[in-house]
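In case you want the letters, here they are:
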Amino acid sequence: MKTKYILLLIMPFFWSCSKVDNPDNYVNIPIDFKVPSNFPPLVYDLENNLLTEKGFELGKKIFYDGRLSSDGLISCGFCHIQENAFTHHGHSVSHGVNNAAGTRNSPPIQNLAFQTAFMWDGATSHLDLQPIIPFTSPIEMNGNFGNTITMMKSDDEYQKLFKIAFTDGQINSENMLKALGQFMVMVTSSNSRFDKYRRHETGGTLTQEELDGYSIFNQKCSSCHATDLFTDNSFRNNGLAVNLQVNDVGRFRVTELAEDLHKFKVPSLRNIEKTAPYMHDGRFFTLDAVLNHYSNGIVNSSTLDPSLNENEVLGISLTSLEKTKIIAFLKTLTDNQYLTDKRFSEY
């Protein structure tokens, strides 16, 4: 019994790499997803898409498969690189098929199961539907569901995985999107030094400079970057000068409400040290530049967030020392376990 118990503990570490020769005799194993104790409640409905080992494995295979794009090269993972918290580090805007350039920066993929809307403009509110947007975008993947499903039906590994991952065993767009949803739910970052500090765990010691930065952050930044997810899931105009060549109208593109003009989703700050460049269009390449924008670069407009124009004073008052301390704190949000977790990597 003791040997059997040990094997049960060890086996989950290998499931993402396992191969199934006979899917008819394989029993798919549910994944017990646990919400970190310092996180807000889960938003994603696990009952509608039960997490399983093979569902996750299928989702990962799809995520890294360039054959989904029209040129056979651009996978989801092309613009979402794990070591950079699944961002396209160094690229102001995403690049897609035939090296076409988009207009927005690739956002990080982390803790999506706790969020209420996706994309910079909130174009969808369901995680399983989010991949449709980049998949079908002519300047991102330019994918076609019919062609992709045909490709999957002719692939031996896809045939096995779909058969095991879903009770109906069907290779179709619904199951494809559900598998991607399972992968994205699992891609959770919750083991930074800050998390360990919050949970009073070993390795959670913060320096005085970092604690000072946390205090300043709570005073001046946390109304938007709220909870331990560091976002309140809202859409706000943060005073960026409008790039007239692009004139990205933000949330207005979805709602067509005047009050949503130039509002974008408040991003999470987790792993922010690794996700440059910043803002919806990747215009800032350093955290110093970001804080300088908030302290003295705010542009007023009719939809500017009220928190950035209090008592007719634009911006957030920040001294050089306060900026240094805030950045020191933000670096405690780097989760090296997440950035190197083999479960999420392509190879």
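Above this note sits the structure.
Treat the numbers as computed from the prediction; the structure is a model and nothing was measured. Along each chain, the written sequence defines residue order, and numbers are assigned to residues from 1. A pLDDT threshold of at least 70 governs which residues receive local features in this predicted model, and a stricter bar of 80 or more applies before side-chain atom pairs are shown or counted, although totals over entire chains, interfaces and linings include all residues. As a rule here, side-chain values come from all non-hydrogen atoms in the structure, and water together with hydrogens is ignored.

Caption draft 1: Seen up close, the side chain of Asp-248. Residue position: Asp-248 is located in the loop between strand E1 (235–236) and helix H10 (252–255). Note on exposure labels: buried denotes an accessible area under 20% of the residue type's maximum, exposed denotes more than 50%, and partly exposed covers the range between, all computed with a 1.4 Å probe on protein chains only. Given a relative accessible area of 13%, Asp-248 falls into the buried group. Here a polar contact is recorded for every N or O atom pair within 3.5 Å, except that within protein the pair must consist of a potential hydrogen donor and a potential acceptor, and residues adjacent in sequence are included only if both atoms are side-chain atoms. One polar contact links the side chain of Asp-248 to the main-chain amide nitrogen of Gly-250, over a distance of 2.9 Å. In what follows, a contact means two residues having at least one pair of non-hydrogen atoms within 4.5 Å. Setting aside anything within four residues of it in sequence, one finds Asp-248 in contact with Thr-103, Arg-104, His-262, Phe-264 and His-280. Strands are runs of DSSP state E lasting at least 2 residues, helices are runs of H or I lasting at least 4, and numbering of each runs from the N terminus.

Caption draft 2: Quick look at the pattern of salt bridges. Salt-bridge detection follows one rule: a side-chain nitrogen of Lys or Arg within 4 Å of a carboxyl oxygen of Asp or Glu. Applying the stated criterion across every chain, the model contains 19 salt bridges. With a shortest N-O distance of 3.2 Å, Arg-253 and Asp-121 are connected by a salt bridge. Residue Arg-253 is found in helix H10, and its partner Asp-121 is found in the loop between helix H3 (76–79) and helix H4 (132–136); the two are separated by 132 residues along the sequence. Under the relative-accessibility criterion, Asp-121 is labelled buried at 2%. Glu-210 is the salt-bridge partner of Arg-193, the closest N and O atoms lying 2.8 Å from each other. Within this pair, whereas Arg-193 is found in helix H8 (residues 193–198), its partner Glu-210 is found in helix H9 (residues 208–220), the two being separated by 17 residues in sequence.

Caption draft 3: Structural detail: helix H2 (residues 53–63). Here H2 lies mainly inside the structure; 10 of its 11 residues are buried. All buried positions along H2 are accounted for by Glu-53, Lys-54, Gly-55, Phe-56, Glu-57, Leu-58, Gly-59, Lys-60, Ile-62 and Phe-63.

Caption draft 4: Expanded view of the nonpolar core. If you look at the biggest cluster of nonpolar residues, it comprises 45 residues, and the most contacted ones within it are Leu-58, Ile-62, Leu-68, Met-152 and Phe-162. Elements with a contribution of two residues or more to this core: H2, helix H5 (145–153), helix H6 (156–165), helix H7 (173–186) and helix H13 (336–340). The element that contributes the greatest number of residues to this core is H7, accounting for 7 residues. What Leu-58 contacts, discounting residues up to four positions off in sequence, is Tyr-158, Leu-161, Phe-162, Ala-165, Phe-166 and Ala-179. In terms of nonpolar packing, the next biggest core, distinct from the first, is built from 27 residues, Ile-298, Ile-327, Phe-329 and Leu-330 among them. Buried residues of nine kinds, namely Ala, Val, Leu, Ile, Met, Phe, Trp, Tyr and Cys, make up a nonpolar core once their side-chain atoms join them within 4.5 Å.

Caption draft 5: The arrangement of the side chain of Asp-260 in detail. Tracing the backbone through its elements, the reader meets Asp-260 in the loop between H10 and strand E2 (264–265). One buried charged residue, Asp-260, forms no salt bridge at all, with the nearest opposite charge on Lys-263 at 4.2 Å. Excluding residues that lie within four positions of it along the chain, Asp-260 makes contacts with Val-249, Arg-251, Phe-252 and Thr-255. Two residue types count as positive, namely Lys and Arg, and two as negative, namely Asp and Glu; His and chain ends fall outside the count.

Caption draft 6: Molecular detail of the state of the cysteines. Disulfides are defined in this document as cysteine sulfur pairs within 2.5 Å. Enumeration according to the criterion identifies 0 disulfides in this entry. You can see Cys-79 has no disulfide; the closest cysteine sulfur is in Cys-76, sitting 9.2 Å from it. For Cys-79, a relative accessible area of 8% translates into the label buried. Cys-221 provides the cysteine sulfur closest to Cys-224, a residue in no disulfide bond, and the two sulfurs are 8.8 Å apart.

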